[in-house]
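One-letter residues, chain by chain:
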Amino acid sequence: MKKIRTRFAPSPTGYLHIGGARTALFNWLYTRHHGGEFILRIEDTDQQRSTDESTKAILDAMTWLGLNWDEGPYFQAQRVELHREMVQKLIKEGKAYYCTCTPEELEEKRKQALATGKKPKYDGMCRDKNLKKTSGSVVRFRSEQTGSTVVEDLIKGQIVFNNEELDDLIIERSDGYPTYNFAVVIDDALMNITHVIRGDDHVNNTPRQILMYQALGFDVPQFAHVPMILGSDKTRLSKRHGATSVMAYKEMGYLPEALVNYLVRLGWAHGDQEIFSQKDLIELFDLDAVGKSPAVFNPEKLLWLNAYYIKESSPERLREEMKSLWPAGINTDDTDFTQKVIADLQPRVKTLAELADMADFYFADEIKYEEQAAKKFLTADVSPYLKALIETILSVQNFSKKVLEEFLMNFTKEKNIKFKIIAQPLRVALTGKTVSPGIDEIMVTLGKERVYRRLQKAINYIEKQN
RNA sequence: GGUCCCAUCGUCUAGUGGUUAGGACGCCGGCCUCUCACGCCGGAAACCGGGGUUCAAGUCCCCGUGGGACUACCA
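What you see is a predicted model; the values in this text were computed from it and never measured. (Residues numbered from 1 in each chain as written. Chains lettered and ligands numbered in written order. Predicted model: local features only at pLDDT ≥ 70, side-chain atom pairs only at ≥ 80, totals over all residues. Heavy atoms only, no water.)

J.: Can you lay out the sheet that holds strand S4 (residues 96-99) for me, pointing to particular residues and giving the numbers?
T.: Sheet architecture is open: 3 strands sit in the order S4-S5-S8, paired in antiparallel fashion. One side of each edge strand has no neighbouring strand; the edge strands of this open sheet are S4 and strand S8 (170-172). Ignoring which end each strand starts from, the neighbouring axes of this sheet average 45° apart. (Pairing = 2+ DSSP bridges. Helix = DSSP H or I, 4+ residues; strand = E, 2+ residues; numbered from the N terminus. Axes fitted to C-alpha atoms, helices over the stretch in contact; angles between N-to-C directions.)

J.: Please give an account of helix H10 (residues 299-312) that cites residues and values.
T.: With 14 residues, H10 extends 20 Å from end C-alpha to end C-alpha; this agrees with the ideal 20 Å at 1.5 Å per step. When we look at burial in H10, the residues that qualify are Leu302, Leu303, Leu305, Asn306, Ala307, Tyr309 and Ile310. Looking at the buried side of H10, the elements it contacts are helix H7 (246-251), helix H8 (256-264), helix H11 (315-321) and helix H13 (352-358). (Expected span 1.5 Å × (residues − 1). Buried < 20%, exposed > 50% of the residue type's maximum accessible area, 1.4 Å probe, protein only. Contact = heavy atoms within 4.5 Å.)

J.: I'd like to hear about the protein's contact with RNA strand B, residue by residue, with values.
T.: If you check the shell around RNA strand B, you find 61 residues, and the closest are Lys156, Arg173, Gly267, Arg427 and Ser436. Taken together, the sugar and phosphate atoms account for 69% of what RNA strand B places within 4 Å of the protein. A distance of 2.6 Å separates a sugar or linking oxygen of RNA strand B from a polar atom in the side chain of lysine 156. Taking glutamine 424, its side chain carries an N or O atom lying 3.4 Å from a sugar or linking oxygen of RNA strand B. When contributions to the surface near RNA strand B are tallied by element, the ones reaching two or more residues are helix H4 (103-115), strand S7 (157-162), helix H5 (180-190), strand S12 (295-296), H10, helix H18 (419-431) and helix H19 (439-465). (Near = heavy atom within 4 Å. Polar contact = N/O pair within 3.5 Å; in protein donor to acceptor, adjacent residues only side chain to side chain.)

J.: Lay out the pattern of salt bridges in plain terms, naming residues and giving numbers.
T.: A full pass over the atoms with the stated rule returns 35 salt bridges. Residue arginine 79 pairs with aspartate 187 through a salt bridge whose shortest N-O separation is 2.7 Å. In this pair, arginine 79 sits in the loop between strand S3 (71-75) and helix H3 (80-92) while aspartate 187 sits in helix H5, placing the two residues 108 residues apart along the sequence. Arginine 79 gets classed as buried once you look at its relative accessible area, which sits at 16%. Since its relative accessible area comes to 0%, aspartate 187 is described here as buried. (Salt bridge = Lys/Arg side-chain N within 4 Å of Asp/Glu carboxyl O.)

J.: Hey, could you go over the environment of valine 382 for me, with residue numbers and the actual values?
T.: When you line up the elements, valine 382 lands in the loop between helix H15 (371-377) and helix H16 (383-393). For valine 382, a relative accessible area of 6% puts it in the buried group. A C-alpha to C-alpha distance of 9.2 Å links valine 382 and leucine 426, two positions 44 residues apart in sequence. Ignoring sequence-local partners within four residues, the contact set of valine 382 consists of Phe377, Ile421, Pro425 and Ile462.

And the structure:
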């Protein structure tokens, strides 16, 4: 059996977006599952819109997601000689021809056809004129006009097209560069791509591509068209629907495995399973379980998965991931302390950005109280407890969770009060907020020194208020 | 307009002729509890419509309807 070879072929006209990432992911998983080779090819034949920055951004995003490639990146624009050779071959064989219709003429005809309710396809004006190359001329593929072309799609099943629906599309522009539909055929054929897995916005291109494979005498690869990802209004996902750039999710504090896990479940399922490691996916993924219908992108579920993976991660790993996310002015040089902070917070956040935000009170030299919180909990009647606490807390030798739990329990027992009575005041004293990790956790992380200082500050604050 | 694709809870989906139509996110209620979150338990919530085929249809066929894609010297 022939070795499976797939490719991901983005055009470098922007960042890698969610839809492209899923297409890449499906290609990658299919290839890894079957032990094939995954090729990356940059389709930059549109000289106007392609940029190096985009190429770099796409590569970065692929790398971040863990989608490594075995060959490439190839650049389509560097292969134009190859494409031109193939164009000449077709012309020589009478399978392509020069056309001198101007874009303006064509546009006019299109408009007219549409206005009179006719098909807006190329009318074949230059088809049999046997024209020579001239300035401004393009090359068109002489497409079949009769019969039908069948696409055997691995996801959609058999799709039949009447060839009369197809027109003679341009394969070489007047600037000498090949158009997408031609270059993609040449490159896929020459790179021995066996499986073309791409978005289903390409299904209508497929019959004409098949005709070109045949005209050139190439083997036709297998096709698999994956359904689109839609926004909440069921139209194609775009910026209007929120962040669509893969790297934007990194910046918002998402873990790559969360995005991967989310993306793979858009259109693919394995029974009732929701959580998949990369290893699981390589083992389980195949095209036969990919659905046919489009999926709406649901940020809430992504968030849930992200929270799950944050909880599952080690604080060490998270500290690495968070390096670019801390706000300015926060000193995370103390790795031990920083990791403890992360460990306290990781079960209660959905993104790492949220974690960074929530961690401010740990790092602050002078914590500031939320107005309502201080007003409600830092009151004269709790002052005696705080004073009693600060007197004894210095005697606690080992600031561990177990010891502190015991210490606090003894303290409340001695004072004959419920822990509830001092919990929120203590929390406000220590964090400035009414919401935080457990009192004992905070105290352990903060350490004796900081706890002492914050208690002292709270006592002073209460005195000043009265 | 033409061509093509698609159709199970709000969303992601399981389901391949016989199920109380299952799971997940979100939502609601409860438990846990020092707050919050986690976790656990429970709840509301779906087969687009109409015709067939069949003893039997979410599942097969046809027609509607709805949504989407393509229809470029973009990819």
